[in-house]
Protein chains: 2
Amino acid sequence: MEAITFEKTNITGGFWKQKQDMIRNTTIYSVYNRFSETGRFEAFKFNWKEGMPNKPHIFWDSDVAKWIESVANLTLKKREPDLEKIADGVIDLIVEKQDKNGYFNSYFQHIDPASRFRNRDWHELYCAGHLMEAAVAYYKATGKDKFLKAMCRYADYIERRFKIDCDTAFRTPGHEEIELALVKLYECTGEKRYYELAEYFINERGKTEQDTYNQSDLPVREITEANGHAVRATYLYCAMADIARINGDSELADACRRVFNDIYFKKMYITGGIGSTSAGEAFTIDYDLPNLLAYTETCASFGLAVFAHRMLLIENDRKYAETIEREIYNGFLSGVSLDGDSFFYENPLEVIPRLRNRDKYNGGIHFPLSRRQKVFGCSCCPPNVTRFIPSIADLIYTKSDAENTIFVQQYMQSESEFDLRGKSVRLQQTTNYPYDGKLNIKYYGENAKIAVRIPEWCEKYCETAQNGYAYYDVTDGSEITLDFGMPVYLVESNPKLEANCGKYAVMRGPIVYCMEGVDNGNSLRDIITDASSFTEKADEELGVISLQTTGKRRKPFESGSLYQKAKYEFEDIPVKFIPYYAFANRDECEMLVWFNAKLKLRNRLKAIN
Amino acid sequence: MEAITFEKTNITGGFWKQKQDMIRNTTIYSVYNRFSETGRFEAFKFNWKEGMPNKPHIFWDSDVAKWIESVANLTLKKREPDLEKIADGVIDLIVEKQDKNGYFNSYFQHIDPASRFRNRDWHELYCAGHLMEAAVAYYKATGKDKFLKAMCRYADYIERRFKIDCDTAFRTPGHEEIELALVKLYECTGEKRYYELAEYFINERGKTEQDTYNQSDLPVREITEANGHAVRATYLYCAMADIARINGDSELADACRRVFNDIYFKKMYITGGIGSTSAGEAFTIDYDLPNLLAYTETCASFGLAVFAHRMLLIENDRKYAETIEREIYNGFLSGVSLDGDSFFYENPLEVIPRLRNRDKYNGGIHFPLSRRQKVFGCSCCPPNVTRFIPSIADLIYTKSDAENTIFVQQYMQSESEFDLRGKSVRLQQTTNYPYDGKLNIKYYGENAKIAVRIPEWCEKYCETAQNGYAYYDVTDGSEITLDFGMPVYLVESNPKLEANCGKYAVMRGPIVYCMEGVDNGNSLRDIITDASSFTEKADEELGVISLQTTGKRRKPFESGSLYQKAKYEFEDIPVKFIPYYAFANRDECEMLVWFNAKLKLRNRLKAIN
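Remember, it's a predicted structure, so these values are computed and weren't measured experimentally. (Residues numbered from 1 in each chain as written. Chains lettered and ligands numbered in written order. Predicted model: local features only at pLDDT ≥ 70, side-chain atom pairs only at ≥ 80, totals over all residues. Heavy atoms only, no water.)

## Observations regarding the overall build of chain A
The secondary structure content of chain A amounts to 15 helices and 21 strands. Against the compact-globule benchmark of 25 Å for 609 residues, chain A has a radius of gyration of 25 Å, which places it among compact chains. Dimensions of chain A, computed from C-alpha atoms along their principal axes, come out at roughly 75 × 70 × 50 Å. Across the 609 residues in chain A, those meeting the buried criterion constitute 65%. Sequence separation of 24 or more characterises 69% of the internal contacts of chain A that already satisfy a separation of 6 or more. Total accessible area on chain A stands at roughly 20,700 Å², and carbon and sulfur atoms take up 45% of it. (Helix = DSSP H or I, 4+ residues; strand = E, 2+ residues; numbered from the N terminus. Rg over C-alpha atoms; globule rule 2.2 N^0.38 Å. Buried < 20%, exposed > 50% of the residue type's maximum accessible area, 1.4 Å probe, protein only. Contact = heavy atoms within 4.5 Å. Areas by Shrake-Rupley, 256 points an atom, 1.4 Å probe, with all protein chains shown as cover.)

This is the structure we're talking about:
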């Protein structure tokens, strides 16, 4: 299986064109402005002094690197001279300040040189990895190789210190990232040493340094469970999957499968969110997915999506593509506001703003923010949004030359051109997905097969599909037309997942819906929704399709008492759901995904689907 | 209004006789043995040295003091020579070691003399208060005044240091307790200075030392909300109520009313549990009563019960007596096992044992223990059980000479003799409460009135009752017979209390019921209970009345997946509830108070009540 990278595909309209335009016109500048105001660009000048504001921080290089990578990903489709000029300026500074030996880190060169390669937890190799990823992307987008060459020198230096001289205070990265970046550097430059350095870091991991938080408790081939800091985990799993793919290491591929299944079957929210505790921003135990306290970092959703994409290149299994879809329409996408200007770090599945005051005197439980922010002190998430969405077309196709087959993994209005068995093919996808479920694919090229993923919620093609993919023999000019429909359906979660017992979620195709207080009043948990039928209605303000029904809400207690003999006094109310990704774009209010519903809907529900 | 203390009443049978026998035969020895093993008694010899086990702790004096008070409360009804001998031994040591100036604290005399009266947070006056309470109780029970006199000397010394010389490093206690103890010392000895010292501490509080955690953020007369550490809070409110009663301070009484109402209407679990966060063992915001994470310390339930009792002496309002009843049959009583041998510090309203592992790698959320313990490092709760239950008859009656009325606040099989308007009266209560709701009261004495509290859940006498009390004119030999019934009924909580929205609890009379995993399997949240009727059945193993019905439980997911299109596949199951206070007396398992129930039960429910 091979990837068809976004270089080969243009998003030409529809849902994702709108999101890509938002990044290009708004978000890339928002992130730039916030990073600029907080001194993140200035830090590359190495002129901060004690007493000045905006003291540089150990992970700022990574923030700027991801911003440059985002600029590169936009530039690859259409140059943005203003942005490119800023990027060039940073790159000039990097090359100017880079040590003769190749080392570059604005913090450890300028602020704390004595600590260089001394502290495993200080994100040094993480920053290096992001700089390398940015350099590769920038080279691909602009053809300029200055940054790439500088980062190759840095990679050479890291190789010498960590793999040859072994004179650093730690052996493997405390925050994984450089491993997958080194694979990219190898794939871009063809220099095998970079791949070998990635493999070295992977193979050394968990042998001498023991830390569950950053997945060092076991040698990677012995991993059976997703553990520790969720972002670090997914970045590690990405590199493991890359290496398993490249060298055919079946033991490593098995570890990747185990850990993916552990997430998929036991540790993932319906939105794709992962990492259910703020303590360590980490995975916890099986089926422990509290909604109100979900940590579910935007970066972790990004990480799971790109890990799932790498798994698809090892083996074509629908669950990987389903997971990607779950992320990009839900738990990842909620990380950015509809206007592209503000961001969630955490993406909880329930919000009760007033409860954020519960421990006002005592500290205690961490509740996620209920409003998106323009900037965070730890601002890893916004530039993951800006680099991922412009490259989202990475996810549409995979191919197998051996099977002469193109796999349609995601549905996005797009045009693609790439090689199959050495011969150029073109594909045109026409779709309004996820607004509706119609999909038209035009194929131009030699005889081949096209395998279209059938969404799990679509019952229409299951009989003819093989393992969830509908196969078509295509010749030059062939056209494939499918209609998945776009059903509204209720979802229940595994009885082992206590947080959702007795509750239901409503989805429309791939999109998880939620209730918000601005539409439904507060005390959302107290609404018993009539889930027997929903009316779809365009919400002009949010630009989404809302789902409307009715429900019952208990009347306020006349006595004001805390408890009363049950009176069952309800008032009938209209109930409105909006897509989860669109929550928190109006006034601060409650939000709820898993709701109380009327039961015994079996017959009526069949009619909806 | 005046109290009828337990000296005047003998519990002669029924529910509370069994509990008192358990304390006398088992619990008092259990607590002694655990305290003995951990060096708490040995500490009074002042011979601990560095390197020895069981280093004395700042609050150990209070533990032993409460144990001696418990012995006294038992002794008052029947002497226990072995226990009395142990108590005498400790008292001898206290008097032997007491400083010439009157000071006594085994920790600050022996372990850290330099810190005496230096640190407000170190429980020094709290220990002093418990020693005084114990001394008063021991004098009343045995007539021996050695301990009482020693503690008077200590009180004199505290008065001099804190109120006259004012040379201590803090002005008011960091953990309230001595204030209510000084009132007891005053009421026992008649020495007004002790009352005035209590009043002094109360009046100084919140003036110079600012700390919400221990209720010092405001002068006490300005308190509007229950805040901070729940046990400290209730002990303070007790003293405030005492002083308001004694000196008729209406401003102070108003503050007591406000804070009681704040708890009663916004911050109390259905079990009477208070203090909903482990962070500071504290009250939080209004209607924030999470079940799984409830802190709800046994001591806080004790504290609220005795505060409510003091409020009854200020004004006869049924809600105070209801609150006492809520505690003694639920959130307080759950603090001790049915065999009297082990204890809960926290009394959560839901237990899911497996979730206690959620943050195994990272720390994070504190989950209450799911098993009672024999001993705690911080062992304040067990001796509150042993001192409260032997004196439980304190709660049965109050009287008003002015109104020539005896108020029956609680229903316990008992015989009492006390003065009304200076003439002796006798009362015999015959009842099997709370097993059933029948109550017979025989009265011997001059013409008077008896006002019997009608339980809030009893609809039978509401028409004739005045403010929840049924009044009877009685003459010598009069007999009053009532039958409250003992209905099983569903309870709903205020819609503002998010944790319980959509859920119901079941009660039988005053007793909150719960489901346990040993009876119902795990995933209790997933059971939808048919709450239209319950069958009462004696549970021989636990010695309680269980409630049995049927319900539905979802079938396990065949796919093992986390989410699926809702299938509504249920299996019919029997469902069993037991009294909340009896939970966790068998194997470790889940427990649930607020459950999912079938709705639209209006008509059927009327039939149950």
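Still more ground to cover, so stick around.
## Comments concerning empty space enclosed by the protein
Left-over empty space is what a probe sized like a water molecule reveals as it rolls over the atoms. Overall, the coordinates contain nine cavities of 30 Å³ or more when judged by the stated rule. Tallied by class, residues from the lining of the largest cavity come to 25 nonpolar, five polar and 12 charged. (1 Å grid on protein atoms, 1.4 Å probe; cavity = no way out; pocket = protein on both sides within 12 Å on 5 of 7 lines; lining within 4 Å. Points joined across faces, edges and corners; volume = space filled by probe spheres on them. Nonpolar A, V, L, I, M, F, W, Y, C, P; charged D, E, K, R; others polar.)

## Notes on the packing of aromatic side chains
Here the distance between the centres and the angle between the planes together describe a pair of aromatic rings. Residue and element names in this part refer to chain A. Under the defined criterion, the tally for this structure stands at 86 aromatic pairs over all chains. With centroids separated by 5.4 Å and ring planes inclined at 50°, the aromatic side chains of Tyr 237 and Phe 307 adopt a geometry described as tilted. A residue pair is termed long-range when its members are at least 10 positions apart, and Tyr 237 in helix H9 (residues 230-247) and Phe 307 in helix H11 (residues 298-314) qualify at 70 residues. One exposure class covers both Tyr 237 and Phe 307, and it is buried. Residue placement shows Arg 116 over the ring face of Tyr 103; its charged tip is 4.1 Å from the ring centre. (Phe/Tyr/Trp six-rings, centres within 6.5 Å; stacked < 30°, edge-to-face > 60°. Lys NZ or Arg CZ within 6 Å of the ring centre and 35° of its normal.)

## Looking at the relation of the copies chain B and chain A
Superposing chain B onto chain A takes a rotation of 180° plus a shift of 0.0 Å along the axis, which leaves an RMSD of 0.0 Å. With respect to symmetry, the two chain copies, as superposed, fit the operation of a two-fold axis. For chain B, the residue whose C-alpha comes nearest the rotation axis is Ile365(B), separated from it by 3.2 Å. Mapped onto chain A, 100% of the interface residues of chain B are again interface residues, and the two copies thus contact each other with one and the same surface. (Least-squares fit on C-alpha atoms with pLDDT ≥ 70 in both.)

## Here we look at unusual backbone geometry
Backbone geometry follows two general trends: most residues other than glycine have a negative phi, and most peptide bonds adopt the trans configuration. In this structure, the amide linkage connecting Tyr433(A) to the following residue, Pro434(A), adopts the cis form with an omega of 5°. Examined against the element boundaries, Pro434(A) turns out to sit in the loop between strand S7 (423-431) and strand S8 (438-444). Of note, Ser523(B) is a non-glycine position whose phi angle comes to about 55°, a positive value.

## Things to note about helix H2 (residues 60-75) of chain B
Between its terminal C-alpha atoms H2(B) stretches 23 Å, which fits the 22 Å expected from 16 residues at 1.5 Å a residue. Most of H2(B) is tucked away, with 16 of its 16 residues classed as buried. (Expected span 1.5 Å × (residues − 1).)

## Here we look at the sheet that holds S8(A)
All names here are of chain A. Taken together, five strands build an open sheet; the order of strands is S2-S6-S7-S8-S11 and the sheet is antiparallel. The strands lining the two open edges of the sheet, one partner per strand, are strand S2 (9-11) and strand S11 (479-483). Strand-to-strand twist in this sheet, taken as the mean axis angle between neighbours without regard to direction, amounts to 15°. With seven bridges joining them, strand S6 (residues 414-420) and S7 adopt antiparallel strand pairing. When the sheet's bridge partners are listed, Glu 415 is paired in S7 with Gln 428. (Pairing = 2+ DSSP bridges. Axes fitted to C-alpha atoms, helices over the stretch in contact; angles between N-to-C directions.)

## Quick look at the environment of Pro53(B)
Locating Pro53(B) in the fold gives a position in the loop between helix H1 (14-37) and H2. Under the relative-accessibility criterion, Pro53(B) is labelled exposed at 63%.

## Considering the pairing of strand S12 (residues 488-493) of chain A
Judged by how many residues are buried, S12(A) sits mostly within the fold: six of six residues are covered. In this sheet, strand S13 (residues 505-508) of chain A lies alongside S12(A) in antiparallel orientation, the contact comprising four bridges. Opposite Val491(A), over in S13(A), you have Ala505(A) as the bridge partner. Pairing geometry for S12(A) and strand S18 (residues 563-565) of chain B, over three bridges, is antiparallel. Looking at S18(B), one finds that Ser493(A) is bridged to Tyr563(B).

## Re the interface of chain B and chain A
By convention, interface size is frequently given as the accessible area that disappears when the constituent parts associate. Counting from both sides, the interface comprises 80 residues of chain B and, opposite them, 81 residues of chain A. Taking both sides of the interface into account, the surface hidden between chain B and chain A amounts to around 6,600 Å²; carbon and sulfur atoms contribute 54%. Linking chain B with chain A are six salt bridges. Note that Glu459(A) is salt-bridged to Lys565(B), the shortest N-O span being 3.1 Å. Put simply, chain B and chain A have 32 residue pairs in polar contact (both at pLDDT 80 or more) between them. (Buried area = accessible area lost by both parts, 1.4 Å probe. Salt bridge = Lys/Arg side-chain N within 4 Å of Asp/Glu carboxyl O. Polar contact = N/O pair within 3.5 Å; in protein donor to acceptor, adjacent residues only side chain to side chain.)

## What about the pattern of salt bridges?
Summed over the entire model, instances satisfying the criterion amount to 105 salt bridges over all chains. Linking Arg354(A) and Glu498(B) is a salt bridge whose minimum nitrogen-to-oxygen distance equals 2.9 Å. In this pair, Arg354(A) sits in the loop between strand S3 (350-351) and helix H13 (381-388) while Glu498(B) sits in the loop between strand S12 (488-493) and strand S13 (505-508), so the two residues belong to two different chains. For Arg354(A), a relative accessible area of 28% corresponds to the partly exposed category. Bridged by salt links that share partners, the residues Glu516(A), Asp519(A), Asp539(A), Lys576(A) and Arg586(A) form one connected network.

## Some points on the packing of helix H3 (residues 81-97) of chain B against helix H6 (residues 146-165) of chain B
All names here are of chain B. Two numbers describe how H3 lies on H6: the axes approach to 10 Å, and their chain directions differ by 35°. Here the hand of the crossing between H3 and H6 comes out left-handed. For the pair H3 and H6, contact is made by Ile 91, Asp 92, Ile 94 and Val 95 and by Lys 146, Phe 147, Ala 150, Met 151 and Arg 153, respectively. In terms of residue class, the contact of H3 with H6 is made up of six nonpolar, no polar and three charged. (Left-handed = near helix turned anticlockwise from the far one by under 90°.)

## Here's the deal with the pairing of S13(A)
Residue and element names in this part refer to chain A. Burial along S13 is two-sided: Ala 505 and Met 507 and Val 506 and Arg 508, pointing in opposite directions, are all buried. Bridge count between S13 and strand S14 (residues 511-516): two bridges; the pairing is antiparallel. Opposite Met 507, over in S14, you have Val 512 as the bridge partner. Two successive antiparallel strands, S13 and S14, enclose a turn made up of two residues, where Gly 509 displays a positive phi of approximately 55°.

## Quick look at the packing of helix H2 (residues 60-75) of chain A against H13(A)
Residues and elements named next belong to chain A. The contact between H2 and H13 brings their axes to 8 Å, and the two run at 15°. It follows from the interaxial angle that H2 and H13 lie roughly parallel. In the packing of H2 onto H13, the handedness of the crossing is left-handed. Here H2 contributes Asp 63, Lys 66, Trp 67, Glu 69, Ser 70 and Asn 73 to the contact with H13, which in turn contributes Pro 383, Asn 384, Thr 386 and Arg 387. (Parallel < 35°, antiparallel > 145°, perpendicular 65-115°, else oblique.)

## Let's talk about the sheet that holds strand S1 (residues 2-3) of chain B
Residues and elements named next belong to chain B. Strand order in the open sheet formed by five strands is S1-S4-S5-S9-S10, with mixed pairing between adjacent strands. The strands lining the two open edges of the sheet, one partner per strand, are S1 and strand S10 (469-474). Of the pairings in the sheet, the one linking strand S9 (residues 448-453) to S10 comprises six bridges and is antiparallel in character. Considered in S10, the bridge of Val 452 is made with Ala 470. Contacts from helix H12 (residues 318-331) reach S9 and S10, with the element oriented near 55° to S9.

## Quick look at the environment of Lys423(B)
Residues and elements named next belong to chain B. Mapping Lys 423 onto the fold places it in strand S7 (residues 423-431). The spacing of Lys 423 and Glu 446 is 23 residues in sequence and 7.6 Å in space, taken between C-alpha atoms. Setting aside chain neighbours within four positions, we find Lys 423 in contact with Phe 418 and Glu 446.

## Concerning the environment of Leu180(B)
All names here are of chain B. Examined against the element boundaries, Leu 180 turns out to sit in helix H7 (residues 178-189). For the pair Leu 180 and Gly 521, spaced 341 residues apart in the sequence, the C-alpha separation amounts to 46 Å. Residues in contact with Leu 180, not counting those within four places in the same chain, are Glu 133, Tyr 235, Cys 238, Ala 239, Asp 242 and Arg 310.

## Side note on the state of the cysteines
In the structure shown here, the tally under the stated rule is zero disulfides over all chains. No disulfide involves Cys380(A); its sulfur sits 3.6 Å from that of Cys299(A), the nearest cysteine. (Disulfide = S-S within 2.5 Å.)

## Focus on the side chain of Asp394(B)
All names here are of chain B. Among the secondary structure elements, Asp 394 is positioned in the loop between helix H13 (381-388) and strand S4 (397-400). Within the buried set, Asp 394 has no salt-bridge partner at all; the shortest N-O distance to an opposite charge, 6.7 Å, is to Lys 184. Apart from residues lying up to four places away in sequence, Asp 394 is in contact with Ile 4, Thr 5, Phe 6 and His 309. (Lys, Arg positive; Asp, Glu negative; His and termini not counted.)

## Looking at the confidence of the model for chain A
For any part of a model where pLDDT is low, the fine detail of the predicted coordinates should not be relied upon. All names here are of chain A. Across chain A, the average pLDDT comes to 95, with 97% of residues at or above 70. Within the model, pLDDT remains below 50 along residues 601-609, and this stretch shows 19 contacts once partners closer than five positions in the same chain are excluded. For this predicted complex, the interface confidence reaches an ipTM of 0.95, while the overall pTM sits at 0.95. (pLDDT = per-residue confidence, 0-100.)

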